[in-house]
Amino acid sequence: MRSDNHVQHASQALADRVLERTGVEADRCYQCGKCSAGCPLAAEMDFPPSQIMHLLQLREFPEFSEMALRSHTIWLCLTCEICYARCPMEIDIPRIMDALRHEALARNKVNPKAKDILAFHRAFLDSVRTTGRLFEMGQIIDYKLRSRHFLQDMLQAPWMFLVGKLHLLPERVRGRRLLGRIFARTLKAKEKRP
Amino acid sequence: MKTGFYPGCSMKGSAREYSESLLAVSQALGRELPEIPDWNCCGATAAHNLDRDLALALPARILAAAEKDGMYEVLVPCAACYSRLSVTRHELLGDEDLRRKISGLIEADYRGTARVLNIVEWLGGIPDLESKVRKPFAHKVACYYGCLLVRPAGIVNFDRPEEPRSMDLLMKKIGADPLDWAFKTECCGAGFSVSRTDLVARLSGLILDDAVQRGAEAVIVACPMCHLNLDMRRPNIEKLAGKKYNIPVIYITQALGLAMGIEPKKLGLQRHKVKVKFTQGLAKPPAASITPASAKPTAGAKSASGDSPAEAPFAGPSAKRGA
């Protein structure tokens, strides 16, 4: 299950790559645990936020970095920013979570439990890439195809349509060719699609 | 000097009543809100979760379009879009290399001249709002700010990151009675509405439960995601909690509209899952329709912090460090 790819791949420790990309130092954490106490989803996580900081700090054990990268935690993080607001060391933990997600995605190390969350994000961005704005109906169909949850919320869509909240046609942005180029230069250029 | 309007995707679809009520209110106030020309999606949670450059480029294109159109400030009523636009402006103004890189990506020079305003700031900037009130919104309300209106504090520079007061002050202006409660800035589950509905039902259920326990007659929101989770996800919340919650969830602009005497239909109140039963702005609230505040007496909860919102050391929207 565990691969040592990233050790050969990058001589730099994960914590240092995160620091380089975000300017945020996980090393400043002294494990007070306020982030984990405030995190609305800490109970669902395999490692609460403070433990992710600890895993990053222990550079001499690459397997710990690997655990952080493959954790469910980084995908459960809602970016509600409570941890950052309460951290006595003012560590921008949400930003570290973002960087860890990008790294996990680039190295194909996304936790399998996060597949629905990732499917939703991808369906969202697919919709934005093609029309420039989110087309909710299209996104939901795309999500259902990706996640195979065909029966979920079957009654929600007709209700939304009845009260006028669901459009059957997307709004298209004139500059969508430019948006296509932006996607090609960013997400599509970096992401190794499974 | 014009103020632009960034509706964002939700306000054109699942949250259209937010947009309808805002435009009805702005029209009644005589304030024009032209949309940013050819605006695109801000990328929301999905973009910053998957790619940093994309998450900066999408909002940068929006803001660059606003600047090009001569807008010196942009009203972003959706709290999630507000956060993405504010974060982008903050990061690009603080890093010249990054600003150049993102300008290259969006094929336009982003300069950062347009300020980003949230709905509470915009409404707070309207002088003498009290004089516009025709039917005081005389209800006990729980003002729900959610996460992104007030955090990260260093970037949005708006109100307190926890226990904020700005929305409560606005509600007081229109005759409402904002309650002290514990879930003002707790997360509703945001973007997990579809992918992890179970978690949203739990987190949103906690919020509603506290509001009801304290005797609130309505939850006031300023974010389409919060509304979606607290209103449209009500069946999921009730199933998990094993009880019914009749408390309606109302956009801040709808409450203001009602107080200004605007027709409920123009404010889109008929589009809610949980019906708003006091749409005529009655002075006497229909107390029977809400779960009684059995355990906690409202008066006790109210005086818990001692000070009234008016005396609170809240800096106010005008104190926001601009530019």
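### Points about the pairing of strand E2 (residues 71–75) of chain B
Residues and elements named next belong to chain B. Extensive coverage of E2 is indicated by the burial of four of its five residues. For strand E1 (residues 2–5) and E2, the ladder comprises four bridges, and the chain directions are parallel. Bridged to Thr3 within E2 is Glu73. In this structure, E2 lies alongside strand E3 (residues 115–117), joined through three bridges in parallel fashion. Opposite Val74, over in E3, you have Val116 as the bridge partner.

### Thoughts on the domain arrangement of chain B
Residue and element names in this part refer to chain B. We note that the domain assignment places domain 1 (2–117) and domain 2 (132–302) within chain B. Once you take the C-alpha centre of each, domain 1 and domain 2 turn out to be 25 Å apart. In this complex, domain 1 contributes 23 residues to the contact, which on the side of domain 2 involves 26 residues. In this assembly, domain 1 packs against domain 2 so that about 2000 Å² is buried in total across both faces, 73% of it on carbon and sulfur atoms. Here domain 1 and domain 2 share one salt bridge between them. Between Glu20 and Arg271 there is a salt bridge whose closest N-O contact spans 2.8 Å. The tally of links between domain 1 and domain 2 comes to four residue pairs in polar contact (both at pLDDT 80 or more). In terms of residues, the side of domain 1 that touches domain 2 owes the most to one element, helix H1 (residues 16–29), which gives 10 residues.

### Examining the interface of chain A and chain B
Contacts between the two partners involve 57 residues from chain A and, on the opposite side, 56 residues from chain B. Buried area between chain A and chain B, summed over both chains or domains, comes out near 5100 Å², and the portion from carbon and sulfur atoms is 59%. When the area that chain A buries against chain B is broken down by residue, the three leading residues are Leu78, Arg133 and Lys165 of chain A, summing to 12%. At the surface where chain A touches chain B, the tally comes to seven salt bridges. Put simply, Arg202 of chain B and Glu44 of chain A hold a salt bridge, and the shortest N to O gap is 2.3 Å. Linking chain A to chain B there are 26 residue pairs in polar contact (both at pLDDT 80 or more). When the residues that make up the side of chain A that touches chain B are grouped by side-chain class, the tally is 28 nonpolar, 11 polar and 18 charged.

### Some thoughts on the side chain of Asp126 of chain A
Residues and elements named next belong to chain A. Considering the arrangement of structural elements, one finds Asp126 in helix H9 (residues 115–131). What makes Asp126 buried here is its relative accessible area of 15%. Polar side-chain contacts of Asp126 include one of 2.8 Å to the side chain of Arg129. With residues up to four places along the chain from it excluded, the contact list for Asp126 reads Asp142 and Arg146.

### Points about the sheet that holds strand E4 (residues 140–143) of chain B
In sheet architecture, strand pairing relies on hydrogen bonds along the backbone and comes in two forms, parallel and antiparallel. Residues and elements named next belong to chain B. Judged by pairing direction, the sheet is parallel, and its four strands sit side by side in the order E5-E4-E6-E7 without closing on themselves. The sheet is open, and its two edges are formed by strand E5 (177–178) and strand E7 (249–251), each paired on a single side. Examined bridge by bridge, E4 and E5 share two bridges and lie parallel to one another. The residue bridging Val141 from the neighbouring strand is Pro178, located in E5. Contacting strand E6 (218–221) and E7, helix H10 (residues 224–232) runs over the sheet at an angle of about 160 degrees to E7.

Conventions used here
- Residues numbered from 1 in each chain as written.
- Chains lettered and ligands numbered in written order.
- Predicted model: local features only at pLDDT ≥ 70, side-chain atom pairs only at ≥ 80, totals over all residues.
- Heavy atoms only, no water.
- Buried < 20%, exposed > 50% of the residue type's maximum accessible area, 1.4 Å probe, protein only.
- Helix = DSSP H or I, 4+ residues; strand = E, 2+ residues; numbered from the N terminus.
- Pairing = 2+ DSSP bridges.
- Domains from an automatic or database assignment.
- Contact = heavy atoms within 4.5 Å.
- Buried area = accessible area lost by both parts, 1.4 Å probe.
- Salt bridge = Lys/Arg side-chain N within 4 Å of Asp/Glu carboxyl O.
- Polar contact = N/O pair within 3.5 Å; in protein donor to acceptor, adjacent residues only side chain to side chain.
- Nonpolar A, V, L, I, M, F, W, Y, C, P; charged D, E, K, R; others polar.
- Axes fitted to C-alpha atoms, helices over the stretch in contact; angles between N-to-C directions.

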